[in-house]
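Tertiary structure, described
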Amino acid sequence: FVNGVDLLDLDLDSWRRRMAFVSQRPFLFSETIRSNVLMAESLDPDRLERVVEKAALREDLEALPDGLDTVVGERGISLSGGQRQRVALARALYRGACFLILDDVLSAVDHSTEQRLVDTLLSLQESELRPTVLMTSHRLSVLQRASRVLVLEEGRSVALAPHRELIETVASYRSAWELQQERPHALAGPAGRKL
């Protein structure tokens, strides 16, 4: 359901235009970073600058030979995994979607950048659009500030609650949290199971 309307009753083309999806391994075209962010949208220089900042790309652009005009090669081969993820995140933010689906998009960034990006995602709730953000992550540090976390085990939903409540009530979640506190960004849960 979307705002109480069954998905089957929605105009799918209209709904898809309101969504943005960023995968863990996003596809970038052999174009400039600017073109990969805009994706045929009209250029609004101020908005482009804002999303570059929100996606924590500013320092990277300053280090690249041509900044936003750097050609990234097929699939973004000239960029690191974290840079590719952040260019794709900037693309989604530029689009101004009301529903963001983020599939483990912070998996290739360092802890400091991760925290900046989590702050960005939380700040979207204060923006005019106030998008719904659905994010998957093996890094529980990313999820600890989410309003609700859905815990899956072996493909089944076992809990839906805020992070603090899950630590107290779901043993597998608590174990994964403790493991990741000992070894930041550990991906395996108890007995090597991915959560």
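This write-up is about the structure you can find in this document. A quick note: this is a predicted structure, and the numbers were derived from the prediction, not measured. Residue numbers here run from 1 along each chain, matching the order of that chain's written sequence. A pLDDT threshold of at least 70 governs which residues receive local features in this predicted model, and a stricter bar of 80 or more applies before side-chain atom pairs are shown or counted, although totals over entire chains, interfaces and linings include all residues. Side-chain metrics rest on all non-hydrogen atoms present in the structure, leaving aside hydrogens and water.

1. What to know about the overall build of the protein
In terms of helices and strands, the protein carries 9 helices and 5 strands. Segments assigned H or I by DSSP are reported as helices when at least four residues long, segments assigned E as strands when at least two residues long, and all are numbered from the N terminus. For the protein, the N- to C-terminal ordering of α and β elements is α-β-α-α-α-α-β-α-β-α-β-β-α-α. We compute the radius of gyration over the C-alpha atoms and compare it with the globule rule, which gives 2.2 Å times the number of residues raised to the power 0.38. Taking 195 residues into account, the globule formula puts the C-alpha radius of gyration at 16 Å, and the protein, at 18 Å, falls close to it. Here the C-alpha coordinates of the protein stretch approximately 50 × 45 × 30 Å along the principal axes. When accessible area is computed with a 1.4 Å probe and restricted to protein chains, residues below 20% of their type maximum are described as buried, those above 50% as exposed, and intermediate ones as partly exposed. When burial is assessed residue by residue, the protein has 40% of its 195 residues classed as buried. Two residues form a contact once any of their heavy atoms are found within 4.5 Å. Taking all contacts inside the protein whose residues are at least 6 apart in sequence as the whole, residues at least 24 apart take part in 65%. Separation between the mean location of the 25 positive side-chain charges and that of the 29 negative ones in the protein comes to 3 Å. Residues scored as charged are limited to Lys and Arg (positive) and Asp and Glu (negative), so that His and the chain ends carry no count. To locate a charge, take atom NZ for lysine, CZ for arginine, CG for aspartate or CD for glutamate.

2. Some words on the packing of helix α5 (residues 81-95) against helix α6 (residues 111-123)
Only the contacting stretch of a helix is used when fitting its axis, a line to C-alpha atoms as for every element, and angles between N-to-C directions run 0 to 180 degrees. Look at α5 against α6: their axes get within 13 Å of each other, and the N-to-C directions meet at 10 degrees. In terms of orientation, α5 and α6 fall into the roughly parallel class. Contact residues: Arg86, Leu89 and Leu93 in α5; Thr113, Leu117, Thr120 and Leu121 in α6. Note on terminology: angles under 35 degrees are roughly parallel, angles over 145 are roughly antiparallel, angles of 65 to 115 are roughly perpendicular, and the others are oblique.

3. Here's the deal with a nonpolar patch on the surface
Taken together, the side chains of Phe27, Phe29 and Met39 present a nonpolar region at the surface, about 240 Å² in accessible area. Among the secondary structure elements, Phe27 is positioned in the loop between β1 (19-22) and α2 (33-38). Like-charged residues within 9 Å of one another, or nonpolar side chains (Val, Leu, Ile, Met, Phe, Trp, Tyr) within 5 Å, are grouped into patches, provided each residue has over 30% relative accessible area and no salt bridge. Using a 1.4 Å probe, accessible areas were evaluated by the Shrake-Rupley method; residue-level cover was limited to the displayed protein chains. Each reported salt bridge corresponds to a side-chain nitrogen of Lys or Arg within 4 Å of a carboxyl oxygen of Asp or Glu.

4. Digging into the side chain of Arg91
Position of Arg91 among the secondary structure elements: in helix α5. No salt bridge is formed by the buried Arg91. Its closest oppositely charged neighbour is Glu41, at 9.7 Å. Each residue touching Arg91, except ones within four places of it in the same chain, is listed here: Phe27, Leu28, Asn36, Val37 and Met39.

5. Thoughts on the packing of aromatic side chains
One pair of aromatic rings is described through two measures. These are the centre distance and the angle between the planes. Between 30 and 60 degrees the pair is tilted, below 30 it is stacked and above 60 it is edge-to-face, where a pair is any two Phe, Tyr or Trp rings, Trp via its six-membered ring, whose centres lie within 6.5 Å. By the definition in use, this model includes 2 aromatic pairs. Their ring planes at 75 degrees and their centres at 5.0 Å tell us that Phe27 and Phe29 sit as a pair that is edge-to-face. Two conditions define a charge located above a ring, namely a distance within 6 Å from the ring centre to NZ of Lys or CZ of Arg, and an angle within 35 degrees of the ring normal. The ring centre of Tyr94 lies 3.9 Å from the NZ or CZ of Arg47, which sits over that ring.

6. Here we look at the sheet that holds β1
The strands that make up a sheet pair up through hydrogen bonds in the backbone, lying either parallel or antiparallel. We call two strands paired when DSSP finds no fewer than two bridges between them. The strand order across the open sheet formed by 3 strands is β1-β2-β3, and the pairing between neighbours is parallel. The two strands at the open ends of the sheet, each matched to only one other strand, are β1 and β3 (132-136). The sheet shows a mean angle of 10 degrees between the axes of neighbouring strands, direction not considered. Note that β1 and strand β2 (residues 99-103) share 4 bridges and pair parallel. Bridge pairing in β2 places Ala20 opposite Leu100.

7. A short note on the environment of Leu160
Here Leu160 shows up in strand β5 (residues 156-161). Judged by relative accessible area, which is 52%, Leu160 ranks as exposed. Taking C-alpha positions, Leu160 is 18 Å from Asp104, a pair spaced 56 residues apart along the chain.

8. Regarding the pattern of salt bridges
Here the structure, examined in full by the defined rule, presents 6 salt bridges. Among the ionic pairs, Asp69 bridges to Arg34, the shortest N-O distance being 3.1 Å. Taken together, the residues Asp69 in the loop between α4 (58-63) and α5 and Arg34 in helix α2 connect sequence positions 35 residues apart. Residue Asp60 pairs with Arg86 through a salt bridge whose shortest N-O separation is 2.6 Å. With Asp60 in helix α4 and Arg86 in helix α5, this residue pair connects regions lying 26 residues apart in the sequence. Across the pair, exposure class does not vary: Asp60 and Arg86 are buried alike.

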